[in-house]
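# Structural characterization, general
Single-letter residue listing:
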Amino acid sequence: MALARSPLQGQPQEDGGELVQMALDVAGSLDPREVIARILERGTHAVRADRGTLSSLVDDQVVVEATYGRGGELTWVGQRYSLDYFEGQPLVKQAIESLQPAFGGRLALDQAAPEFRQALANVRQVAVLPLVHGGKAIGMLVFSRYEEKPFAGDDRVALTLLSAISGLALRNARLYEEGEAARQRADGTAARLRAAVDAAEDVASQVRLDQVLGRLLERAAASVGADGTSLARLEGGEMVIESTPTGELVGTRWPLMPKVLAGVATGRAVELSAAEYTGAPPGMESVVQPYQRFLVAPLVVGGETIGLLAMGRKADEPFDAAAVQALQQFSTRGALLLRNARLIAQARDAEQAKSEFMSIAVHELRAPLTVTGGYLAMALEGDFGDVPKPLRHVLETAQRKTEEAKALAAELLTVARLEGKALTPNVKPVSVAEAVREALARARPRAEIVQANVQMEPGDDVTVLADEALVGKILDNLLNNALTYADRPPTIRVGASREGEQVAVSVADDGIGISSQDQGRIFARFARGTGPLVAEKPGNGLGLYLSRGLAEQMGGSLQLQSSHPGKGSTFVLRLPAVAS
Ligand code: ADP
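All figures in this text were calculated on a predicted structure; none of them were measured in a lab.

This next bit is on the overall build of the protein chain. From N to C terminus, the protein chain includes 16 helices and 19 strands. Here the protein chain, with 580 residues, has 47% of them falling under the buried criterion. Residue pairs in contact within the protein chain that sit at least 24 positions apart in sequence constitute 61% of those at least 6 positions apart.

Quick look at unusual backbone geometry now. One can expect most non-glycine residues to show negative phi and most peptide bonds to be in trans. With a phi close to 55°, Gln451 is a non-glycine residue in the positive phi region. For Gln451, a relative accessible area of 58% translates into the label exposed. Despite not being glycine, Phe526 has its phi angle at roughly 65°, a positive value. Looking at where Phe526 falls in the secondary structure, it is placed in the loop between helix H14 (516-519) and helix H15 (532-536). Note on Phe526: relative accessible area 15%, which makes it buried.

In the predicted model, the protein chain carries a mean pLDDT of 83, and 86% of its residues have values of at least 70. With pLDDT under 50 throughout, residues 2-15 is counted as low confidence; its partners more than four residues away or in other chains account for 25 contacts.

Bringing the pairing of strand S11 (residues 293-301) into the picture now. Here S11 lies mainly inside the structure; seven of its nine residues are buried. Both strand S10 (residues 270-273) and S11 contribute to a ladder of four bridges, which runs antiparallel. Within S11, the residue paired with Val270 across the bridge is Val296. Pairing analysis gives nine bridges linking S11 to strand S12 (residues 304-313), with the strands arranged antiparallel. Counterpart to Ala297 in the pairing with S12 is Leu309. Once S11 ends, the chain turns through two residues before running back antiparallel as S12, passing Gly302 with a positive phi of about 55°.

We now examine the environment of Tyr485. When you line up the elements, Tyr485 lands in the loop between helix H13 (468-484) and strand S16 (491-499). Between the C-alpha atom of Tyr485 and that of Val534, which follows or precedes it by 49 residues, the distance is 7.0 Å. Of the polar contacts made by the side chain of Tyr485, one reaches the side chain of Arg528; its length is 2.9 Å.

Here the focus is the packing of aromatic side chains. One pass over the structure, following the stated rule, counts six aromatic pairs. Pairing Phe103 with Phe151 gives two aromatic rings, centres 6.4 Å apart and planes at 40°, and the pair type is tilted. Here Phe103 is found in strand S4 (residues 102-104), whereas its partner Phe151 is found in the loop between strand S6 (136-145) and helix H5 (153-196), with 48 residues between them in sequence. A centroid spacing of 6.2 Å and a plane angle of 55° characterise the contact between Tyr291 and Phe294, whose relative ring orientation is tilted.

Our next topic: the nonpolar core. By size, the foremost hydrophobic cluster in this structure holds 53 residues, and its most contacted members are Val432, Leu479, Val505 and Phe571. The dominant element in this core, judged by the number of residues it contributes, is H13, at eight residues. Membership of the second largest hydrophobic core comes to 25 residues, among which are Ala221, Ala226, Leu231 and Leu295.

Ordered by their spatial adjacency, six strands build an open sheet running S3-S2-S1-S6-S5-S4, and the pairing between neighbours is antiparallel. Each having just a single partner strand, strand S3 (74-82) and S4 make up the two edges of the open sheet. Taking each pair of neighbouring strands and ignoring which way they run, the sheet shows an average axis angle of 15°. Here strand S1 (residues 51-58) pairs with strand S2 (residues 61-69) via eight bridges, running antiparallel. For Ser55, the partnering residue across the bridge sits in S2 and is Val64. Against the sheet, helix H2 (residues 32-46) touches S1, S2, S3 and S6, its axis set at about 55° to S2.

Right, let's get into the pattern of salt bridges. Tallying each qualifying case throughout the model produces 19 salt bridges. Here Glu73 and Arg51 are joined by a salt bridge, their closest N and O atoms 3.6 Å apart. Placement of Glu73 in the loop between S2 and S3 and of Arg51 in strand S1 is noted, with a sequence separation of 22 residues between them. For Glu73, a relative accessible area of 39% translates into the label partly exposed. The salt bridge partner of Asp487 is Arg488, with a shortest N-O separation of 3.9 Å. Residue classification places Asp487 among the exposed positions, given a relative accessible area of 54%. Given a relative accessible area of 44%, Arg488 falls into the partly exposed group.

Residues Val371, Tyr375, Met378 and Phe384 make up a contiguous nonpolar surface patch of about 420 Å² in total accessible area. The topology assignment puts Val371 in helix H10 (residues 321-380). Exposure remark for Val371: the relative accessible area of 48% places this residue in the partly exposed category.

This part covers the packing of H13 against helix H16 (residues 543-553). Contact pair H13 / H16: the axes reach a minimum separation of 10 Å and the direction vectors enclose 150°. As judged from the angle between their axes, H13 and H16 are roughly antiparallel. In terms of crossing hand, the pair formed by H13 and H16 is left-handed. Contacts between H13 and H16 involve Leu470, Lys473, Ile474, Asn477, Leu478 and Asn481 from the former and Gly543, Leu544, Ser547, Leu550 and Ala551 from the latter. Grouping the amino acids of the contact of H13 with H16 by side-chain chemistry returns six nonpolar, four polar and one charged.

If you trace the six strands from one edge of the open sheet to the other, you get S9-S8-S7-S12-S11-S10, paired in antiparallel fashion. The open sheet terminates on both sides in strands that have one partner only, identified here as strand S9 (253-255) and S10. In this sheet, neighbouring strand axes are inclined to one another by 30° on average, regardless of whether the strands run parallel or antiparallel. The strands that helix H8 (residues 258-266) touches are strand S7 (228-235), S10, S11 and S12; relative to S10, the one it contacts most, it runs at about 175°.

Parameters at a glance
- Residues numbered from 1 in each chain as written.
- Predicted model: local features only at pLDDT ≥ 70, side-chain atom pairs only at ≥ 80, totals over all residues.
- Heavy atoms only, no water.
- Helix = DSSP H or I, 4+ residues; strand = E, 2+ residues; numbered from the N terminus.
- Buried < 20%, exposed > 50% of the residue type's maximum accessible area, 1.4 Å probe, protein only.
- Contact = heavy atoms within 4.5 Å.
- pLDDT = per-residue confidence, 0-100.
- Pairing = 2+ DSSP bridges.
- Polar contact = N/O pair within 3.5 Å; in protein donor to acceptor, adjacent residues only side chain to side chain.
- Phe/Tyr/Trp six-rings, centres within 6.5 Å; stacked < 30°, edge-to-face > 60°.
- Core = buried A, V, L, I, M, F, W, Y, C linked by side-chain atoms within 4.5 Å.
- Axes fitted to C-alpha atoms, helices over the stretch in contact; angles between N-to-C directions.
- Salt bridge = Lys/Arg side-chain N within 4 Å of Asp/Glu carboxyl O.
- Patch = residues over 30% accessible without salt bridge, like charges linked within 9 Å, V, L, I, M, F, W, Y side chains within 5 Å.
- Areas by Shrake-Rupley, 256 points an atom, 1.4 Å probe, with all protein chains shown as cover.
- Parallel < 35°, antiparallel > 145°, perpendicular 65-115°, else oblique.
- Left-handed = near helix turned anticlockwise from the far one by under 90°.
- Nonpolar A, V, L, I, M, F, W, Y, C, P; charged D, E, K, R; others polar.

In structure tokens form, the structure reads like this:
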């Protein structure tokens, strides 16, 4: 969505929206290289530095990952240095040891590695930010200015925020990458094993992991000749039941029985009598009572025991060698599946943590904006005495900027809720004609400024099943874009028609259009068009991403139907129709 343009573009960073956007932009990816690129790009511009360099701290080494020059060049470095190297750079040392940003003049040139000397010769002012996670520095960001202009109060606020967010974002991305890589390795091994074991066919055809585990247990019980089975993970000295064919006992914790501990130590299956199979959680004793004999095999992956596969027999008959061998085969597969399940859960948690983090960041940033907005309104209303004319102008601009930032924060919060699956539409029958009329009324002031000709085409009288407020938001975004992306007074046509089970609402303009290259990306988060005219217009690249997400959340869709550079664009919103 393009925000209304304000006359004081390019003013200093009192605009909190810039910070909000920077934070969310940085946190918005799980690809470490993309996160690094965003941190450098957004950070360098936000604090008006000439160069930004990001390094990771791994054990006692510093890995210089990438450096970004304000002209837009990003260079991947990948060079490693010993931490000792920074002994000669007190500013760096201070930031890493105190875990606080450190500011100062140039770095010590004579102490620098030869390959840095030339770059450092130009530097006049430096800010070193440690990237902290879990009380430890996991990286650092160095911003430098080639002018003798120290990093001032405003910049320091932005830098402190950037450092906190970058630390978290980088850590999240790394965790996710590790989880993904491990999962892929496990998948590879599992695939090879599946090919070798004939009974795996139908196990592998189950889509959901809990079903896969359940199926594995059933097959294991059948081939071992057992009446009951369970699969548990090991946690400290306890086992936690992860799966049983009936779902009974799942989630219960048992202390490890002495014989089972011995089995874990040797990596072999052990047999237990009913008297030896102890530790059922209170109230659950009756579940194991019918069983006379137990066979328990450790689940081992890469030399590590991660769980246990247990079989129970109701008859008091010992398990023979063939049963033990069969169980061994199933425990290998069970181990891989269990590890897979865990890695997938980890990856899901990382995704969830990212969304939660976004919500928290926006909430945190909204509170000060509300306070600032309140004070500005009071000042303008004369609560603090008469406001001289020149100051009034400045206060009004500040108020407008604060409102823009608040609108942006609200939009980002919607993004976070949408991505965190925390947005539930309040669906009711909504008259499309009415929704369009209201959106056009809201757009009128802007339409008058750009002298747009906005028409509502006579169409079908249609009603959709949707959330009225969300439909309004989508229409506002589409109309705002149609009013913004034009190089002369635009003509905009809004129409609605029934298409079977759906209603199609089209918003067509005769503006600048969208290049075929941009058409593939404008619905992505933070994606903006690449044309020179787009760069002139303020916007954050969230409008279409959000609008499509909202439409899909209501069981509908949003598409670019057609667009021709220089001739205009038509977007179509489809929503479920109320049966007539
Ligand atoms: P924003 O307007 O903030 O950039 P949007 O997600 O609303 O974000 O739009 C993404 C991009 O799609 C815009 O930057 C612009 O390049 C292009 N775009 C959207 N609507 C139109 C339109 N009606 N005409 C031309 N370009 C458009």
